[in-house]
Amino acid sequence: MIEVQNLTKQYGSFTAIRDVSFSVAPGDIVGFLGPNGAGKSTTMRILSCFMPASGGSARVAGYDVFRESMEVRRRIGYLPESVPLYSDMRVGPYLDFVAEVKGVPRSARKRRVAEVMDRCLIADVQSRLIRNLSKGYRQRVGLAQAIVSDPHVLILDEPTIGLDPRQIAEIRSLIKSLAGEHTVILSTHILPEVSMVCSGVVIINQGAIVAQGPIDRLVEEFFPTARVAVEIAGPRPAVLDGLRAIPGVVQVEDGGPDRDGPARLVVESARDRDVRGEIFQLAAQQKWNLLELRPVGMTLEEVFMRIVAGEESGAAPGEVAAGEAEVPA
Amino acid sequence: MRIWPIYKKELRLYFTSPVAWVILTIFLAIAGLFFYAIFGNFTRVSMQMAMNPMGGRDLNVTDAVLRPLFANLSVILLLVMPLVTMRLFAEERRSGTIELLLTYPVRDGAVLIGKYLAALTLYATMIAGTLAYPAIVLWVARASVEWGPLLTGYIGLLLMGGMFLAVGLFASSLTENQIVAAVVTFGILLIFWIIGWTAEFATGTLGTVLTHLSILEHNDTFAKGVLDTKDVIYYLNFTALALFLTLRSLESRRWNG
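Residues numbered from 1 in each chain as written. Chains lettered and ligands numbered in written order. Predicted model: local features only at pLDDT ≥ 70, side-chain atom pairs only at ≥ 80, totals over all residues.

1. Points about the overall build of chain A
We count it as follows: Here a helix means four or more residues in a row that DSSP labels H or I, a strand means two or more in a row labelled E, and each is numbered from the N terminus. Each residue is classed by its C-beta neighbour count within 10 Å, where at least 20 other C-beta atoms makes it buried, 12 or fewer makes it exposed, and intermediate counts make it partly exposed; the C-beta atoms are placed from backbone geometry. Residue pairs are scored as contacts if the distance between their C-beta atoms, which are placed from the backbone, is within 7 Å.
Within chain A one finds 12 helices and 14 strands. Scored against the burial criterion, the 329 residues of chain A give a buried share of 42%. Look at the contacts in chain A between residues 6 or more apart in sequence, and 69% of them connect residues 24 or more apart.

In structure tokens, the structure reads:
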């Protein structure tokens with residue numbers, strides 16, 4: 001549904017993105033992840049036909065964003081990061097305007113706008129001026145304008161930024177409910193959001209793609225070991241030695257700063273080996289009190305930190321500074 | 001071309017914010033003041049001339065009231081029109097709404113024409129308000145009005161205003177600051193207003209060209225009742241050029257992000 005090939009964008013001498021390639025299958029929700037200034041918004045602006053790329057190509061819904069921009073624009077819903085809305089308009093008329101501009105036929109428009117307002121939970125503010133709405137409502141009005149024409153592809157730039165936790169949950173479930181019939185690409189720097197909402201992820205840093213694929217696969221790729229958190233009350237050196245002696249254990253990390261209390265440890269082992277039974281047996285034999293034994297899921301956060309940290313240590317200092325510079329609109 | 005929704009939106013924005021109301025009120029108040037002064041003067045002169053059997057021969061409403069009135073209206077428009085158009089692109093750019101507008105399935109040209117027509121509608125409403133003055137001349141003072149010069153006068157006002165709006169739209173597309181847009185519009189218009197004055201010091205072809213470029217040179221003939229193609233084409237050309245430049249400016253803004 002979205003195919004991006006070797007996309008490059010330069011602002012003068014500054015390269016915002018370089019050789020970005022990825023693709024999104026129909027019906028998928030893909031998270032576009034990266035630190036601030038990594039090139040997320042630039043990529044989305046190109047995909048939404050707001051500005052042309054300096055090089056490479058991008059196709060959305062089968063049409064080239066540059067050569068067949070009108071066809072693409074008919075099929076997308078876009079929500080820019082700043083959620084720009086006409087503050088002097090009321091919510092209802094505003095959505096009606098967007099629906100009309102996007103070519104929703106007159107006969108269906110009223111029903112469609114009402115439907116979208118229900119779906120985004122903004123029906124109660126439909127006659128308020130947009131300037132008087134809270135951030136949460138504005139965000140939802142922005143989302144409503146993106147989906148009002150029932151587009152094939154949704155491009156959402158940080159759709160949950162600035163919302164309270166309950167609103168975030170609402171927006172996420174709304175986005176999740178769009179999967180299947182719509183293809184969604186959403187950018188964020190909130191990692192749990194991606195694990196909760198998205199089926200795949202594209203990680204971008206300093207204008208280049210550093211990793212992409214389904215979340216599980218990425219986690220496996222970057223963390224080949226399984227980890228277990230253990231808390232054992234016992235003499236620390238003996239505990240460490242005992243654990244390290246268990247076959248399959250790769251590494252034992254001492255996690256607790258508390259030297260005298262029970263040892264809090266993280267045991268890493270080969271992914272296909274479950275060492276919890278053996279840890280229990282060891283503690284039982286030595287008559288140590290086993291206080292906690294818990295598998296630790298590898299989070300996307302850690303994947304992200306590992307990838308981004310790895311990238312940055314390899315980059316020249318000047319490039320890091322450029323990558324962090326905000327791109328002027 | 002989806003001009004209609006853009007047009008409706010712009011018109012709605014004019015009238016839901018105080019902009020249109022303030023401009024209408026101030027414009028009509030000042031225009032009314034001018035009409036009052038000019039018409040009052042005309043009545044006084046008429047009375048004096050009535051004493052002199054031959055004196056009133058050359059005195060008529062068209063020359064003594066409408067022509068100076070239209071000339072004065074042009075000057076007010078020079079000051080007011082930049083305020084009508086300054087918001088149109090600058091505000092969209094400042095608030096970022098242009099990013100959404102330019103990703104909707106409408107061509108840049110349709111956006112431009114929609115906005116232009118909305119501004120033109122507001123302008124038409126403004127000068128429609130001034131139709132009260134000939135009506136007053138007609139009914140209250142029972143003076144006769146020559147319909148021809150009145151009609152051409154208003155055609156001239158529309159053409160000139162249309163040009164002012166196009167220039168304003170262009171200036172607004174250059175910046176995200178409304179004040180800058182208004183000042184640039186005013187500057188461009190004022191330069192073309194007085195450019196003919198420099199013609200006095202230029203000779204030959206240059207002088208002719210400079211004279212022809214002057215707005216001042218073209219706006220008086222309409223009030224005299226003359227519909228000269230030279231003047232009509234001047235305004236239409238200027239308008240088309242300004243709109244074309246605006247379209248280019250929108251496109252170049254896209255490329256530069």
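There is more to say after this.
2. Quick look at the overall build of chain B
Of the regular secondary structure elements, chain B holds 12 helices and zero strands. Based on the C-alpha atoms only, the size of chain B along its principal axes is roughly 70 × 50 × 30 Å. Per-residue burial for chain B yields a buried fraction of 37% across its 257 residues. Here the analysis covers contacts within chain B between residues at least 6 apart in sequence; of these, 77% occur between residues at least 24 apart.

3. Topic: the interface of chain A and chain B
Counting residues at the interface gives 24 residues for chain A and 20 residues for chain B. Residue assignment for the side of chain A that touches chain B shows that the elements contributing at least two residues are helix H2 (69-75) and helix H3 (91-101) of chain A. A total of four residues in the side of chain A that touches chain B trace back to one element, the largest contributor, which is H3 of chain A.

4. Describing the sheet that holds strand E5 (residues 63-64) of chain A
Residues and elements named next belong to chain A. Put simply, the test is: One bridge is not enough; two strands pair if DSSP finds at least two bridges between them. Interaxial angles span 0 to 180 degrees and are taken between N-to-C directions of axes, which are lines fitted to C-alpha atoms, for helices over the stretch in contact.
Within the open sheet, the four strands sit side by side as E2-E1-E4-E5. Their pairing is antiparallel. Across the chains shown, the open sheet's two edge strands, defined by having one partner strand only, are strand E2 (14-24) and E5. Examined bridge by bridge, strand E4 (residues 55-60) and E5 share two bridges and lie antiparallel to one another. For Val60, the partnering residue across the bridge sits in E5 and is Tyr63. Packing against the sheet, helix H1 (residues 40-47) makes contact with strand E1 (2-11), E2 and E4, and its axis sits at approximately 115° to E1.

5. Regarding unusual backbone geometry
The residue Glu158 of chain A is not glycine, and still its phi comes out positive at about 50°. For Glu158 of chain A, a count of 22 C-beta atoms within 10 Å translates into the label buried.

6. What about the confidence of the model for chain A?
Note the following rule: The predictor's confidence in any single residue is recorded as pLDDT, a number from 0 to 100.
Counting all residues, the mean pLDDT for chain A is 83, and 91% of those residues have values of 70 or more. Predicted confidence is poor over residues 315-329 of chain A, with pLDDT under 50, and the contacts of this stretch with residues over four places away or in other chains come to 17 contacts.

7. Regarding the confidence of the model for chain B
Residue and element names in this part refer to chain B. Per-residue pLDDT for chain B has a mean of 88; in total, 96% of the residues score no lower than 70. Put simply, helix H11 (residues 215-223) is where chain B has its lowest mean pLDDT, 81, and helix H6 (residues 108-129) is where it has its highest, 95. At the level of chain-chain contacts, confidence expressed as ipTM amounts to 0.85, with global pTM at 0.83.

8. Looking at the packing of helix H3 (residues 61-85) of chain B against helix H8 (residues 147-174) of chain B
All names here are of chain B. The cut-off we apply is this: Any angle from 65 to 115 degrees is called roughly perpendicular, while one under 35 is roughly parallel, one over 145 is roughly antiparallel, and all others are oblique. Each crossing is labelled by how the near helix is turned from the far one, with a counterclockwise turn of less than a right angle marking it left-handed and a clockwise turn marking it right-handed. For this scheme, ten residues count as nonpolar: Ala, Val, Leu, Ile, Met, Phe, Trp, Tyr, Cys and Pro. Four count as charged, namely Asp, Glu, Lys and Arg, and the remainder, Gly too, count as polar.
One way to put it is that H3 packs onto H8 with a least axis distance of 9 Å and a crossing angle of 15°. As judged from the angle between their axes, H3 and H8 are roughly parallel. The hand of the H3/H8 crossing is right-handed. Residue-level contacts link Thr62, Leu66, Phe70, Leu73, Ser74, Leu77, Met81, Pro82, Val84 and Thr85 of H3 to Pro149, Leu150, Gly153, Leu157, Met160, Gly161, Phe164, Leu165, Gly168, Leu169 and Ser172 of H8. For the contact of H3 with H8, the class distribution of residues is 14 nonpolar, seven polar and no charged.

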